[in-house]
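So you can see what is in the structure, the chains are spelled out below.
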Amino acid sequence: MQTVKGRWFGAGHSAAPDSVKAGAEAVATALGGRTAKAVFVFCSTGHDLTALLAAVRSEAGPAAEIIGCTTLGELSSTGGATLGSVAVIALGGDGFTVRTRAAQVGAHGHRAAGADVAAAMTGMDRPYTTLMLLCDGLTGDPHEVVRGAYSVLGAAVPLVGGFSGDDHGSRRSFQFQGDQVLSGAVVGIALGSDAPLGVGIAHGWQRTEPAMVATRSDGGRVFELDGEPALDVLLRRRGAATAADLFEGDASLLALGLSRRNGEDIRVLHGGDENDRSLLASAPVPQEAVCWLMDSEYQAMIGGAAQSCAQAVDALGGAAPLGVFTFDCGGRRGELGPDGTREEVAAIRGVVGGAVPFGGFYTMGEVARVRGSSGAHALTLVTLALA
């Protein structure tokens, strides 16, 4: 646990199979006997979520804001990278203000839900602020959630967060606000601080030349690349015969990087249509976008984790980090494997410092918007450092 001028940040982790025990253990470690303003809970869908949150509430007390979601894996300074466990971040002290708000996507639509939860920032008077978004990762249109929040807050408030996952194949993910277990929701956490906050984002994936142009696309479906059927281009570039060779069994993750001023905005390619020869991407690919096939290289991905943390810490303007939130793509976890995730945790420690607590979860997509209205990402590590 770290404490600086009345602000504190703690991390906890439990692999206990019993949900009550896991929740109580993880939050007790994160609290360290302190009274929290907010407790962030990230856990497997395999837990009894109602019982787990009740245990967290019992330890955290009636005044703490409790927020969080289910995951594709958990990540913390106290437990490393795990599956089926509980990771908890707690923070408190007079230097923080935390307010939360939730909205159902089904009742509002993605953009309206993002706009609704942005109202959590109303009246925030701290000099440094961010809106964290924890969104259902199975409802689609992640970019619209971010655009909705941006439409309310504008460019002055950074957005961070992640999309909740389902690690048990139930095809449902869950979000937490207060003592409620929600699904199909967006939870907004307005965080204000008396000290700087910094956001980092990096991935470590590499462009494969030559570049291409998405000459015909509609939303997340890409019909043509450089005027040819998109699936045919991908098959030729990857030396495969059929879409099944690319997307089924033990096939490697396929990614498309869209050109941006500060690098690439990655889309995961997760299907090909043998009839119309199109490709299905994880998020919209604008028509006429310049893009590249992206390749993963083990050490570059580890380096991406370090780069994200360095960006977040550098944005603190020389102040030491009190703690760090980590939103890491589940696709990165799959590509790195157990040894790679251990190296990634070591890389994070190497940048933020061995005594600095950190934690978060493996996501179905990440949120990081520092400039412009675009802020939903894939295959990245997004970090939020607090001074």
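Q: It is not clear to me how the sheet that holds strand S13 (residues 185-193) should be interpreted in this structure. Could you clarify?
A: Strand pairing in a sheet takes place through backbone hydrogen bonds and is either antiparallel or parallel in direction. If you walk across this open sheet you meet the six strands as S8-S13-S9-S10-S25-S26, and the pairing is mixed. In this open sheet, the two strands that pair with only one neighbour each are strand S8 (96-104) and strand S26 (376-377). By the bridge criterion, six bridges tie strand S9 (residues 128-136) to strand S10 (residues 159-164) in an arrangement that is parallel. Each bridged residue has a counterpart across the sheet, and for Asp-136 the counterpart in S10 is Ser-164.

Q: Help me out: how do you make sense of the packing of helix H8 (residues 298-314) against helix H9 (residues 330-352) in this one?
A: For the pair H8 and H9, the least separation of the axes is 9 Å and the interaxial angle reads 35°. As H8 runs across H9, the sense of the crossing is right-handed. Two secondary-structure elements touch here, H8 through Tyr-298, Gln-299, Met-301, Ile-302, Ala-305, Ala-306, Cys-309, Ala-310 and Val-313 and H9 through Arg-332, Glu-335, Leu-336, Asp-339, Gly-340, Glu-343, Glu-344, Ala-347, Ile-348, Val-351 and Val-352. A breakdown of the residues in the contact of H8 with H9 according to their chemical character gives 13 nonpolar, two polar and five charged.

Q: Even after reading the chapter, I still don't get the packing of aromatic side chains, so can you show me in this structure?
A: In total, this model carries five aromatic pairs according to the counting rule given. Ring geometry for Phe-42 against Phe-361: centres 4.9 Å apart, planes inclined by 25°, an arrangement best described as stacked. Pair noted here: Phe-42 is in strand S3 (residues 38-43) and Phe-361 is in strand S24 (residues 358-363), with a separation of 319 residues, a long-range link. Both residues of the pair, Phe-42 and Phe-361, belong to the buried class. Arranged with centres 5.9 Å apart and planes meeting at 90°, the rings of Phe-327 and Phe-361 form a pair that is edge-to-face. Placement of Phe-327 in strand S23 (residues 323-329) and of Phe-361 in strand S24 is noted, with a sequence separation of 34 residues between them. With a relative accessible area of 0%, Phe-327 lands in the buried category. Linked through ring pairs, Phe-9, Phe-40, Phe-42, Phe-325, Phe-327 and Phe-361 together constitute an aromatic cluster.

Q: Whenever I open this one, helix H5 (residues 142-153) confuses me. Can you help?
A: Each α-helix winds once per 3.6 residues, and so residues spaced three or four apart point in a common direction. Relative to the 16 Å expected for 12 residues at 1.5 Å per residue, H5 spans 17 Å between its end C-alpha atoms, a close match to the ideal helical length. Turning to H5, its buried residues number three or more, namely Pro-142, His-143, Val-145, Val-146, Gly-148, Ala-149 and Leu-153. Remark: Gly-154 follows H5 within two positions and exhibits a positive phi of approximately 70°.

Q: What is the right way to look at the sheet that holds strand S1 (residues 2-4) in this model?
A: The seven strands lie next to each other as S1-S2-S7-S3-S4-S11-S12, forming an open sheet whose pairing is mixed. With one partner strand each, in any of the chains shown, S1 and strand S12 (180-182) form the two edges of the open sheet. Strand-to-strand twist in this sheet, taken as the mean axis angle between neighbours without regard to direction, amounts to 15°. Across three bridges, the pairing between strand S11 (residues 175-177) and S12 is antiparallel. By the bridge assignment, Phe-176 is partnered in S12 with Val-181. The strands that helix H1 (residues 19-31) touches are strand S2 (7-14), S3 and strand S7 (86-92); relative to S2, the one it contacts most, it runs at about 150°.

Parameters at a glance
Residues numbered from 1 in each chain as written. Predicted model: local features only at pLDDT ≥ 70, side-chain atom pairs only at ≥ 80, totals over all residues. Heavy atoms only, no water. Pairing = 2+ DSSP bridges. Helix = DSSP H or I, 4+ residues; strand = E, 2+ residues; numbered from the N terminus. Axes fitted to C-alpha atoms, helices over the stretch in contact; angles between N-to-C directions. Left-handed = near helix turned anticlockwise from the far one by under 90°. Contact = heavy atoms within 4.5 Å. Nonpolar A, V, L, I, M, F, W, Y, C, P; charged D, E, K, R; others polar. Phe/Tyr/Trp six-rings, centres within 6.5 Å; stacked < 30°, edge-to-face > 60°. Buried < 20%, exposed > 50% of the residue type's maximum accessible area, 1.4 Å probe, protein only. Expected span 1.5 Å × (residues − 1).

Honestly, that's just the spatial picture; any functional story needs more than this.
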